[in-house]
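Structure assessment
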Amino acid sequence: MASDLSKIIKSEMSNTLEQLLVKTSTIDSVEPLGDEFGDDQCVKVEVNFSFDTAGDSVWKFYIPTITGTKFEYFMLGGMGELKEHIDEEIADATNEIVSNICGSIVTVVNAQNFDDVGQSSSETVSNEIIDCSGCGNEAYKFNLNFDGDVLPVILEFDDKVLPFISEITGKVVEVPSAHVSAHSSG
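These remarks concern the structure in this document. (Residues numbered from 1 in each chain as written. Predicted model: local features only at pLDDT ≥ 70, side-chain atom pairs only at ≥ 80, totals over all residues. Heavy atoms only, no water.)

**Considering helix H1 (residues 6-21)**
Compared with an ideal rise of 1.5 Å per residue, which puts 16 residues at 22 Å, H1 spans 22 Å between its outermost C-alpha atoms and is within 8% of the ideal. Within the span of H1, buried status applies to Ser 6, Ile 8, Ile 9, Glu 12, Met 13, Ser 14, Thr 16, Leu 17 and Leu 21. Looking at the residues trailing H1, positive phi occurs at Val 22, about 55 degrees. (Helix = DSSP H or I, 4+ residues; strand = E, 2+ residues; numbered from the N terminus. Expected span 1.5 Å × (residues − 1). Buried < 20%, exposed > 50% of the residue type's maximum accessible area, 1.4 Å probe, protein only.)

Structure below.
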């Protein structure tokens, strides 16, 4: 069975947000994404994760308007007006937050030294404002609780990382044989 990165993803998302936004942050639940966001705007941040043993994986973070506007507001210390729509400043703030979350995930994964994952790194490859309905099949809604405010963060995974996030997906996916042979020969 593959190492499960689910707890690391959830804890580092929560811890990083708490440190950056100075708000108590927990993840109340994670569930498959439905169609509840319809035509809402999202900031989409695409991140390439490279794992020595498990290979490369693309993760897409979708931050809906309600979350993105609060992220920027909290980053500014709650000063000024809370915006109603995503703009370039919110997209930039969101990109910075996602980059920090991914850096924290990489640091913890590397410290764990999982044989079937190896050392890892991450790189943000794109950041854009889109319609939230563009989320794919393996998208999951992380319900973040910020001092009683529940804010969604959507995270879409590619097939390559599915064996390593079974607690999030609720599915056990076998590691492809190329990774198993690399694991057993290393």
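**Brief notes about the sheet that holds strand S4 (residues 120-131)**
Spatial ordering of the open sheet is given by S1-S5-S6-S3-S2-S4, a layout of six strands whose pairing is antiparallel. Each having just a single partner strand, strand S1 (25-32) and S4 make up the two edges of the open sheet. With direction set aside, neighbouring strand axes in the sheet form an average angle of 25 degrees. Two strands pair when backbone bridges link them, and strand S5 (residues 139-146) and strand S6 (residues 149-157) are joined in this way by eight bridges, in the antiparallel orientation. (Pairing = 2+ DSSP bridges. Axes fitted to C-alpha atoms, helices over the stretch in contact; angles between N-to-C directions.)

**A closer look at the packing of aromatic side chains**
For the structure on display, the rule yields seven aromatic pairs. Ring geometry for Phe 71 versus Phe 146: centroids 6.0 Å apart, planes at 40 degrees, classification tilted. Of this pair, Phe 71 sits in helix H2 (residues 65-75) while Phe 146 sits in strand S5, placing them 75 residues apart in sequence. Accessibility classification places Phe 71 together with Phe 146 in one group, the buried group. On the basis of an interplanar angle of 45 degrees and a centroid distance of 6.3 Å, the ring pair of Tyr 140 and Phe 157 is categorised as tilted. Taken as a pair, Tyr 140 in strand S5 and Phe 157 in strand S6 lie far apart in primary sequence, 17 residues in all. Taken as a pair, Tyr 140 and Phe 157 share a single burial class, namely buried. Through pairs of rings, three or more aromatic residues link up here, namely Phe 49, Phe 51, Trp 59, Tyr 140 and Phe 157. (Phe/Tyr/Trp six-rings, centres within 6.5 Å; stacked < 30°, edge-to-face > 60°.)

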